[in-house]
Amino acid sequence: MDPFDEGAGGLLKQPKSVWATAGASVVAFMGIGLVDPILPSIAQGLNATASQVSLLFTSYFLITAVAMLVTGFVSSRIGGRRTLLLGLAFVVVFAGLAGTSGSVGELVGFRAGWGLGNALFVSTALAVIVGAAAGGSAAAILLYESALGLGMACGPLLGALLGDASWRYPFFGTAFLMAIGFLCITVFLKEQPKPARKTSLLDPIKALGHGGLASAAVSAFFYNYTFFTVLAFTPFVLNMSPYKSGAVFFAWGVLLAVFSVIVAPRLQKRFGSLKVLGGSLVLLAADVLVLGYGSHTTAVVCTILSGAFIGVNNTVYTELALGVSDAPRPVASAGYNFVRWFAAAAAPYFAPKIEEWTDIHIPFVVAAVTAVAGAVVVVVRRKALNHEAEELEPRHATEDGVTVFAN
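Residues numbered from 1 in each chain as written. Predicted model: local features only at pLDDT ≥ 70, side-chain atom pairs only at ≥ 80, totals over all residues. Heavy atoms only, no water.

Chemist: Explain the overall build of the protein chain to me, and be specific about the residues and the numbers.
Modeler: A count of helical and extended segments in the protein chain gives 16 helices and zero strands. Counting all 407 residues of the protein chain, 59% fall into the buried class. Counting every atom, the protein chain has about 14,900 Å² of accessible surface; 67% of that belongs to carbon and sulfur. (Helix = DSSP H or I, 4+ residues; strand = E, 2+ residues; numbered from the N terminus. Buried < 20%, exposed > 50% of the residue type's maximum accessible area, 1.4 Å probe, protein only. Areas by Shrake-Rupley, 256 points an atom, 1.4 Å probe, with all protein chains shown as cover.)

Rendered as structure tokens:
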């Protein structure tokens, strides 16, 4: 069925509850890249170093990683609607508090609370959208992926527009938008049935005993180090105004969205998931290496271009994680995300530290090496990863009514 077929309950013919959840999802994903254009402004405003300001990402994703073990436990007990509202409430409170920060330590701490709220929200949003959508899961999944891409693209743009006046305004803006999302979900979304089986805290860890899932998680760990070196460290290298930096990362996000939703599935169908993933990781490694050693213009172009490879990788990794093992999808995805988000926490901290210890080029050399390491894991562990990988259909849908953010 064509998800754009309005007569069949397609993408454009969804209940208000689906649009409310999808709209809140856009804002939730905006929060990831929101601080990108204003990192230098935050450093200047709080008299902080690049490595200190980069802890905004570290605290956010460290809490997100740990929360992956908790979100399924919570949502399987209180239901999807209440989990969404709880997550939104955390984001509203901590994003607002972040805007009042008087020191970088306070800001890092508030971002950690924001990360917990975002983990609770995005871990459940897809399950709720699929459960409430008309016309089956195909349109719902496309809507969710579109929300993810739009959020990743618009986050830096919003950060630039509000951050040009003050680095505090993007945080207040996010709190305001998420408060609107909270009200919309309260009004339009009815509670959905709870899953028949409750998820334990240890289920995601046990799922990593499967060789294929563990291999996907380890490869994604290396890849995410590269991904978040680009996202968190490159703004300091580009050293542009919030407007210009926001434009660069908006273009980056557009490529990420297009290649994730449109290009990646076509490449997978033609070449197979593992070949596409391995090739994309090698190309990403080459891109970040040129980014690190090229001129300023070259760095801008390579930053934008990396969005294409990141979009492809996100889609393939997600489908591998959800399809390579026989574990329930929410459990498999939680274990996978638990491993890979630690790299998202590590890269923003270590990249500026490596620059302090060496020079500005070496963080990108390390990022290129980790991307290649991810590709090596794919090649070496291809037999373990090959289960359903070459003929993999998108499996973002949920089991037992729960899933977790995988892209």
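Further notes follow.
Chemist: How would you sum up unusual backbone geometry? Please name residues and give values.
Modeler: Among all residues except glycine, the phi angle is most often negative; among peptide bonds, the trans geometry is most common. Look at Asn-47: it is not a glycine, yet its phi comes out positive at around 50°. For Asn-239, which is not glycine, the phi dihedral falls at a positive 50°. Looking at the element boundaries, Asn-239 is found in the loop between helix 10 (211-238) and helix 11 (242-271). Asn-239 gets classed as exposed once you look at its relative accessible area, which sits at 60%.

Chemist: Residue-level account of the packing of helix 11 against helix 12 (residues 273-293), with values.
Modeler: For the pair helix 11 and helix 12, interaxial distance at closest approach is 7 Å and the crossing angle is 120°. One finds that helix 11 runs oblique with respect to helix 12. Between helix 11 and helix 12, the residues in contact are Leu-267, Gln-268 and Phe-271 and Ser-273, Lys-275 and Val-276, respectively. (Axes fitted to C-alpha atoms, helices over the stretch in contact; angles between N-to-C directions. Parallel < 35°, antiparallel > 145°, perpendicular 65-115°, else oblique. Contact = heavy atoms within 4.5 Å.)

Chemist: Lay out the packing of aromatic side chains with the relevant residues and their values.
Modeler: By the definition in use, this model includes 17 aromatic pairs. Ring centres of Tyr-223 and Tyr-317 lie 5.3 Å apart, and the angle between their planes is 20°; this geometry places the pair in the stacked category. Of this pair, Tyr-223 sits in helix 10 while Tyr-317 sits in helix 13 (residues 296-323), and the two are 94 residues apart along the sequence. By relative accessible area, which is 0% here, Tyr-223 ends up buried. (Phe/Tyr/Trp six-rings, centres within 6.5 Å; stacked < 30°, edge-to-face > 60°.)

Chemist: Got a sec to walk through the pattern of salt bridges? Specific residues and values, please.
Modeler: Per the stated rule, a full pass over the model turns up one salt bridge. Measuring nitrogen to oxygen at the nearest pair gives 4.0 Å for the salt bridge that ties Glu-356 to Lys-353. You can see Glu-356 and its partner Lys-353 sitting in helix 14 (residues 329-357), three residues apart, about one turn around the helix. Owing to a relative accessible area of 46%, Glu-356 belongs among the partly exposed residues under this scheme. (Salt bridge = Lys/Arg side-chain N within 4 Å of Asp/Glu carboxyl O.)

Chemist: Tell me about the packing of helix 10 against helix 12, and name the residues and values.
Modeler: The geometry of helix 10 relative to helix 12 is characterised by a closest axis approach of 12 Å and an angle of 30° between their N-to-C directions. Relative to helix 12, the element helix 10 lies roughly parallel. Between helix 10 and helix 12 lies a crossing whose hand is left-handed. Residues Ser-219, Tyr-223, Thr-226, Val-230 and Thr-234 of helix 10 form the contact with helix 12, whose participating residues are Leu-281, Leu-284, Val-288 and Leu-291. (Left-handed = near helix turned anticlockwise from the far one by under 90°.)

Chemist: Any chance you could break down helix 4 (residues 55-78) for me, citing the residues and the numbers?
Modeler: When the terminal C-alpha atoms of helix 4 are compared, their 32 Å separation across 24 residues agrees well with the 34 Å that a helix rising 1.5 Å per residue should span. The largest bend in helix 4 is about 45°, located at Ala-67. Note on helix 4: the residue one or two positions beyond its end, Gly-79, has a positive phi of about 95°. (Expected span 1.5 Å × (residues − 1). Bend = angle between axes of the 7 residues up to and from the residue.)

Chemist: Go over the side chain of Thr-234, please, and point to the residues and values.
Modeler: Here Thr-234 lies in helix 10. On the basis of relative accessible area, Thr-234 is assigned to the buried category, the value being 0%.

Chemist: With reference to specific residues and values, describe the nonpolar core.
Modeler: Within the largest apolar cluster, 117 residues are counted, with the highest numbers of intra-cluster contacts made by Ile-42, Phe-61, Phe-121, Phe-171, Ile-185, Phe-228 and Trp-252. By residue number, the principal contributor to this core is helix 10, which donates 14 residues. Every residue in contact with Phe-121, bar those within four places of it in the chain, is listed here: Thr-21, Ala-24, Ser-25, Ala-28, Leu-84, Gly-87, Leu-88 and Ile-185. (Core = buried A, V, L, I, M, F, W, Y, C linked by side-chain atoms within 4.5 Å.)

Chemist: Which residues make up the environment of Leu-183, and what are the values?
Modeler: Inspection of the secondary structure assignment puts Leu-183 in helix 8 (residues 169-188). Sequence separation between Leu-183 and Leu-88 is 95 residues; the distance between their C-alpha atoms is 9.9 Å.

Chemist: Give me a nonpolar patch on the surface: which residues, what numbers.
Modeler: Residues Leu-157, Leu-161, Tyr-243, Phe-250, Val-254, Val-258 and Ile-262 make up a contiguous nonpolar surface patch of about 550 Å² in total accessible area. Within the residue set of the nonpolar patch, elements represented by two or more residues are helix 7 (137-163) and helix 11. Among the elements that make up the nonpolar patch, the one with the highest residue count is helix 11 (five residues). With respect to the helices and strands, the residue Leu-157 is situated in helix 7. (Patch = residues over 30% accessible without salt bridge, like charges linked within 9 Å, V, L, I, M, F, W, Y side chains within 5 Å.)

Chemist: Kindly report on the environment of Phe-29, identifying the contributing residues and their values.
Modeler: Within the fold, Phe-29 resides in helix 1 (residues 16-33). Spatially, the C-alpha atoms of Phe-29 and Cys-154 are 8.9 Å apart, while their sequence positions differ by 125 residues.

Chemist: How would you summarise the confidence of the model for the protein chain if you had to cite specific residues and measurements?
Modeler: Across the protein chain, pLDDT averages 83, with 87% of residues at or above 70. With pLDDT under 50 throughout, residues 1-9 is counted as low confidence; its partners more than four residues away or in other chains account for 17 contacts. Note that residues 388-407 has pLDDT below 50 and, in this model, 74 contacts with residues that lie over four places away or in other chains. (pLDDT = per-residue confidence, 0-100.)

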